[in-house]
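Each chain is listed here by its residues.
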Amino acid sequence: MSGVKHGGDIYSIAREYGFKPEDVLDFSGNINPLGMPESVKRAIIENIDILSKYPDPEYLDLRQAIYEYSGVRPENIIVGNGGTELISLFFKVLNPKSGLILMPTYSEYEREIRINGGRYEYYRLKEERDFVPEVDDIINCIAGHDLLVICNPNNPTGQAIYVEDMDRIVKEAKKRDCFIFVDETYVEFVDDVNSVSSAGLVGRYDNLFIIRGISKFFGTPGLRIGYGLTSSREIINNMLSIKDPWTVSSIAQVAGQAVFRDINYQNVSRKWVKEERAFIHNEICRFTNIKVYDTDANFFLCKILSSHSASALREYLLKYAIDIRDAASFPYLNDKFFRFCVLDRKGNEKLIKLLYDFFQSY
Ligand SMILES: Cc1ncc(COP(=O)(O)O)c(C=O)c1O
């Protein structure tokens, strides 16, 4: 059992409400509804016998595929069991004396720093500014901190910091001996990935560590593949020295290579997310009881403006086997906030209709 609550837990819901897990419409997990790419299915079926062997401990072929995909050299890549393993390893190694975490955000950074005995503070993304990151203000707050943690685009607020601004942040941080951790789990959902991703900065700055994975954009959270990008030899070596061997399985190592080379899936997904995000945004904007925040990712943060709570809305939707993320557990948010991701048109229409029924009006 995991002690931490995240979205995407279709199993608990199915058990509690008597559904089959596969019947739950999961708007909480932020996963591409196109599902596992056919190229990955083929790679798994054709290579199934590899399960009788250990994976390559160096993951050379997988790192080569990630290099071709991300442009970051293989020696600057570390692979792990989902982004989750790399978050855990990174914060064990870079145990901050004074971290600064842009909040509200994904809870694992704070949890990992805490369990390793590190110290950190919150930097508040302001609700009154619609959670838009204020880059100059962030830069002004770096002094005195040895680590800055940024999720980009940010979960749950959805907004991204663009690469020119990240460049300024990393450069200023370098002058002040501050390391930057950037979680790019959702970066591929941005219309123009290169305008946001800091992958191109890895070769220029050694105080930058990026994590990414294939769970969300490539619709394969069950494969558990994540990767870290950094030109800091010290960080990679220290992470490898405490990392368990073979945490990416032999079949995942092969399937992962297929995913990064599947250009067609990437193009289709990007076109789809753009269309569905626009559709949902237009629909949600019609609700006078809901404020929706702009997003660069595949999910929306919303605030309920009427007397209803997000937990009551979630309970209502669960009766129809629909799960959204009640965002009350995020620091600086409360029981008025909820997050949901973009699914296929049929699912999106169903959610909009049920929102209408719940609020009884636009
Ligand atoms: C921001 C963020 N980072 C990392 C993860 C973990 O992803 P993975 O499946 O790659 O471990 C999640 C999962 O929800 C996430 O939202």
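Residues numbered from 1 in each chain as written. Predicted model: local features only at pLDDT ≥ 70, side-chain atom pairs only at ≥ 80, totals over all residues.

Colleague: How should the overall build of the chain be read in this particular structure?
Modeller: Summing up its helical and strand segments, the chain has 13 helices and 13 strands in all. Projected onto the principal axes, the alpha-carbon positions of the chain cover approximately 55 × 55 × 35 Å. Within the chain, buried positions represent 46% of all 362 residues. (Helix = DSSP H or I, 4+ residues; strand = E, 2+ residues; numbered from the N terminus. Buried ≥ 20, exposed ≤ 12 C-beta atoms within 10 Å, placed from the backbone.)

Colleague: Any chance you could explain the sheet that holds strand β7 (residues 208–213) here in plain terms?
Modeller: Through backbone hydrogen bonds, the strands of a sheet pair up, either in parallel or in antiparallel fashion. What the seven strands build is an open sheet, ordered β2-β8-β7-β6-β5-β3-β4; its pairing is mixed. The open sheet has two free edges, formed respectively by β2 (77–80) and β4 (120–124), since each of these has just one partner strand. Neighbour-to-neighbour, the strand axes of the sheet open up by a mean angle of 20 degrees, direction not taken into account. Strands in contact with helix α3 (residues 60–70) are β2 and β8 (226–229); relative to β2, the strand with the most contacts, it is inclined by about 120 degrees. (Pairing = 2+ DSSP bridges. Axes fitted to C-alpha atoms, helices over the stretch in contact; angles between N-to-C directions. Contact = placed C-beta atoms within 7 Å.)

Colleague: It is not clear to me how unusual backbone geometry should be interpreted in this structure. Could you clarify?
Modeller: Trans is the common state for peptide bonds, and a negative phi is the common state for residues other than glycine. Here the bond from Asn152 into Pro153 is cis, since omega is -5 degrees, no more than 30 degrees from zero. Note that Pro153 resides in the loop between β5 (147–151) and α7 (163–175). In this structure, Pro156 follows Asn155 across a cis peptide bond, with omega equal to 20 degrees. Within the element layout of this structure, Pro156 appears in the loop between β5 and α7. Unusually for a residue other than glycine, Phe131 sits at a positive phi of about 65 degrees. Counting through the fold element by element, Phe131 comes out in the loop between β4 and α6 (135–140).

Colleague: What is the right way to read the nonpolar core from this model?
Modeller: Grouped burial of nonpolar side chains is what soluble globular proteins tend to show. Phe90, Leu148, Val149 and Ile180 are the most contacted members of the largest nonpolar core, which has 102 residues in total. A domain split of this core shows at least three residues from each of domain 1 (10–30 + 264–359) and domain 2 (52–261). (Core = buried A, V, L, I, M, F, W, Y, C linked by C-beta atoms within 7 Å. Domains from an automatic or database assignment.)

Colleague: Can you walk me through the pairing of β8 in this structure?
Modeller: The two faces of a sheet get side chains in turn, since along a regular strand they alternate between them. A two-sided burial pattern is seen for β8, the buried positions comprising Gly226 and Gly228 on one face and Tyr227 and Leu229 on the other. Examined bridge by bridge, β2 and β8 share four bridges and lie antiparallel to one another. Paired with Gly80 across the bridge in β8 is Gly226.

Colleague: What's the story with the domain arrangement of the chain in this structure? I'm lost.
Modeller: Note: interface size is frequently given as the accessible area lost on complex formation between the parts. Split by domain assignment, the chain resolves into domain 1 (10–30 + 264–359) and domain 2 (52–261). Between the C-alpha centres of domain 1 and domain 2 the distance comes to 26 Å. Across the contact, 20 residues belong to domain 1 and 20 residues belong to domain 2. Listing elements by their share of the side of domain 1 that touches domain 2, those giving two or more residues are α11 (263–285) and β10 (299–304). Classifying every residue of the side of domain 1 that touches domain 2 gives eleven nonpolar, four polar and five charged. (Nonpolar A, V, L, I, M, F, W, Y, C, P; charged D, E, K, R; others polar.)

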